[in-house]
Every structure is written in structure tokens, then in C-alpha cells.
Amino acid sequence: MSVQGSPARQTTARSVGRFSRRTNSLLGFQVVSCGSYVPDEVVTNEDLQQRHGFDPEWISQRSGIHERRYLPSDQATSDMCIAAARKAIRKAGIDPQDIDLVIVGTFTPDHPFPSTACLVQDALGLDAAAVDLQAACAGFMYALTTGAQYIATGNSKIALIIGGDCNSRVVDPKDQGTAPLFGDGAGAVLLAEGDPHQGLMCYQIGSDGSGGPMLTFPSGGTRQPISHAEIDNRSHYMKMDGRNVFKWAVRLVTDTVELMLDKTGMSPHDVDLFVLHQANIRIINYAMEQLGVPEEKVIVNLQRYGNTSGGSIPIALDEAFQEGRINRGDTILLSGFGGGLSWGTGLLRW
């Protein structure tokens, strides 16, 4: 029996409509601390104009992004994850030897294997199981809900959950439609046992693989291994159908946030802070306007970092906490979404 790939197909936002109303709750854990890291090199829209001829005004108007951070060539995703983790550990004031689980949400690992999580575990000298989890820009939410299961069931004492990506290595530097949108960064949280009312009051992790062709790496896997031909046609870089991804995202965010509120009987006014994946300011603004969420309840930092994929939500969480916008007992709405297509949304009692 031979296995052959299906022919390339056009996928539109209209044809991508698989949205489950299945939800769960997961209580009994807490976020102990946060940490984040972004590289020092700031790359502005004007820098991209000088390097590649991109229109700075087009970038800012279409995305809200004014600058992003790029990792030096001698570093990789694990370096950012390690730095973010060390900050979270230092803030928590815990003994690192109590950490017994490391999960890294990333789609830009240092290597296919060993996992980036194993590199983090080794660098930090942890006695912990370590594994990567790949759900693109929803990676942190998948990693968070997975790690929380171990805490809530008593199978982990302290879990280190990290989201991080080095996007500057995987976007086509010549493509104005993708390259200016992404930056590099990582964020981390430590999870531990919490009170019965703490944790995810309601959450949903979902996927719709029919939309996979809208946001993809054509080559580099077993379907299309890297070759000179693949490199010549630039298929080893990320490809995105920006228009249809945008249409899907604005509908998805609105639907999944409404679902969380409906299932818990809450209104947007009951949520203290909305922390959405920092992909595009127009996605965030549209969804929040549809839901009637005031601007002061929404954290936005994409203008400085761009889309950091797996790092997006934990970086925003860390910054919000440092700014005093998150307090114990607050209700935080988290939502990540991206390639797969996949998403994860949850109402977190801090």
C-alpha cells in the first residue's frame, strides 16, 4: 500500500469552519511566577525598509507593529527559554530542584531532537521530565493546559511551562507579507498546587486541520525533505495566506471568548484582563470591539515585539504582572491561535 500526499488545495476562511463548543475546567493549580526574555537587537520598520525595501507605513497600518527583536546568530530558541525560566525561578524564590516537569511550547526548536525542553532542563540542572509541544502560536496554551493537568492530579509538584520562538530564522526575509510581522522572544510560568478555586474555570483547546495550508512550512519534514530545489524555491520558509488567516482569526477569537463567557455565566466586565496572542492589532481590536471590552482591560505589546508566536502570551503576562495589572484572585482571559489551525482559550483565576 503506497501513501501519497494529497494535491495542493486552496483553503479559504469560509471553508474553515470547524469550531467545537466542547470545553473543560481545571482547578486546583496556581501560577506562582512569570518570567520573560526578548533579545537586545531592536529591528524597526525603518530598518526593514533599508534592508529589504519594505514600506514602514504599510507594516504599521496593517499590523500595528513598529519594531521587533531578533536573536543573535550564535544563539537559538533554548537560550531565550533558559533566560525566561531563570527569571521566573528567581521571582518565585523556589528551590529549582523542586521543579519536576518542563514543557516548552515551540515550533522553532534548536534541533528536531534533542528537544528544546531537554536543553533547558540540562542548562538549569533540573531533575525533571522534559518535552516539547508543538502547536505553533497556540503552543503556550497547549503547554499550559498540559502542565496544569500534572499539577492538578498531584503528579507534578512544580511545573515549568515555557513558550518561545525564534521566528527571525524561519520567515522569508524578502516577503513583506510575513517577515515584518514576526519577532523573537520567550516567556515562562511556574505552576504549583493552588486553592480549589484557582486555575482554569473554563478552557478550550481546539483545532481545524482543514485550514493547515493557510499557515505552513512546506518543506523540512518527511513529506518534503529539505533539498536544493526546496531551498531554491524558498519553500523552507514559513508560508501564510495572510488575508484568510486574518479572517479566520478575528472570527475564532470572538467565538471562543464568547464561549468561555457563556459557559461560566460571566460578562466581559467580570474579566480583569484580556491577554490575547499578539499577532495583529486589528485582530485584537476587532474582537474586543465585538465583545464590548474596554481598551484598558486589554494588554497590547505587539507594537514593540511583533508576533513572538509561542512567546507571545507569557511575555505579555509577565509584563502585565510587572506593571501591577494582575493581582491574586483576578480573572484573566488567555487566548492563543495560529498554525494547525489550532487555538487555546481559557479563563484563569490567578
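Shown above is the structure to which this text applies.
Residues numbered from 1 in each chain as written. Predicted model: local features only at pLDDT ≥ 70, side-chain atom pairs only at ≥ 80, totals over all residues. Heavy atoms only, no water.

(A) Representation of the overall build of the protein chain. Helices and strands together make up the secondary structure of the protein chain, namely 10 helices and 14 strands. On C-alpha atoms alone, the protein chain measures out to a radius of gyration of 19 Å, which is about the 20 Å that the 2.2 N^0.38 rule sets for 350 residues. Referenced to the eigenvectors of the C-alpha coordinate spread, the extents of the protein chain come out at roughly 55 × 55 × 45 Å. Counting every position in the protein chain, which comprises 350 residues, the buried fraction comes to 55%. Long-range pairs, those at least 24 residues apart, make up 78% of the contacts in the protein chain with a sequence separation of at least 6. Element-wise, carbon and sulfur atoms account for 47% of the exposed surface of the protein chain, whose accessible area totals about 15100 Å². (Helix = DSSP H or I, 4+ residues; strand = E, 2+ residues; numbered from the N terminus. Rg over C-alpha atoms; globule rule 2.2 N^0.38 Å. Buried < 20%, exposed > 50% of the residue type's maximum accessible area, 1.4 Å probe, protein only. Contact = heavy atoms within 4.5 Å. Areas by Shrake-Rupley, 256 points an atom, 1.4 Å probe, with all protein chains shown as cover.)

(B) Region of the structure containing the sheet that holds strand E6 (residues 129-133). In space, the 5 strands of this open sheet follow the order E2-E8-E7-E5-E6, with mixed pairing throughout. At either margin of the open sheet sits one strand with a lone partner, and together these are strand E2 (29-37) and E6. Put simply, the sheet's adjacent strands are angled 20° from each other on average, direction ignored. Two elements, E2 and strand E8 (residues 184-193), share 8 bridges in a ladder whose sense is antiparallel. If you follow glycine 35 over to E8, its bridge partner there is alanine 188. In this fold helix H3 (residues 77-92) packs onto E2, strand E5 (99-105), strand E7 (158-166) and E8, with an angle of close to 130° to the strand it touches most, E2. (Pairing = 2+ DSSP bridges. Axes fitted to C-alpha atoms, helices over the stretch in contact; angles between N-to-C directions.)

(C) Examining the side chain of glutamate 230 more closely. Inspection of the secondary structure puts glutamate 230 in helix H6 (residues 228-232). No salt bridge forms around the buried glutamate 230; measuring N to O, its nearest opposite-charge neighbour lysine 239 is 9.1 Å away. Among the polar contacts listed, one links the side chain of glutamate 230 to the side chain of glutamine 224, at a separation of 3.3 Å. Of the polar contacts made by the side chain of glutamate 230, one reaches the side chain of serine 235; its length is 2.3 Å. Residues within four places of glutamate 230 in sequence aside, it is in contact with Ser219, Gln224, Pro225, Ser235 and His236. (Lys, Arg positive; Asp, Glu negative; His and termini not counted. Salt bridge = Lys/Arg side-chain N within 4 Å of Asp/Glu carboxyl O. Polar contact = N/O pair within 3.5 Å; in protein donor to acceptor, adjacent residues only side chain to side chain.)

(D) Up close: the environment of glycine 164. Within the secondary structure, glycine 164 sits in strand E7. Take glycine 164: its relative accessible area is 0%, and that puts it in the buried class. The spacing of glycine 164 and phenylalanine 140 is 24 residues in sequence and 8.1 Å in space, taken between C-alpha atoms. Filtering out sequence-adjacent residues up to four positions away, glycine 164 remains in contact with Thr77, Cys81, Gly105, Thr106, Thr108, Gly185, Ala186, Gly310 and Gly311.

(E) Summary view of the environment of tyrosine 237. Looking at the element boundaries, tyrosine 237 is found in the loop between H6 and strand E11 (239-240). According to the relative accessible area criterion, tyrosine 237 is buried, its value standing at 15%. For tyrosine 237 and serine 25, which are 212 residues apart along the polypeptide, the C-alpha to C-alpha distance reads 37 Å. Other than its neighbours up to four places away in sequence, tyrosine 237 contacts Arg169, Val170, Val171, Asp172, Pro173, Thr216, Phe217 and Pro218.

(F) Summary view of the nonpolar core. Among the nonpolar cores identified, the biggest contains 46 residues, and Trp248, Val253, Phe274, Met288, Leu333, Phe337 and Leu347 are the most heavily contacted of them. Where this core is concerned, the elements lending two or more residues are strand E9 (199-207), helix H7 (242-264), strand E12 (273-276), helix H8 (281-291), strand E13 (331-338) and strand E14 (342-349). Sort the elements by how many residues they give to this core and H7 lands first, with 10 residues. Judged by nonpolar contacts, the second largest core, of 34 residues, contains Ala143, Leu200, Ala316 and Ala320. (Core = buried A, V, L, I, M, F, W, Y, C linked by side-chain atoms within 4.5 Å.)

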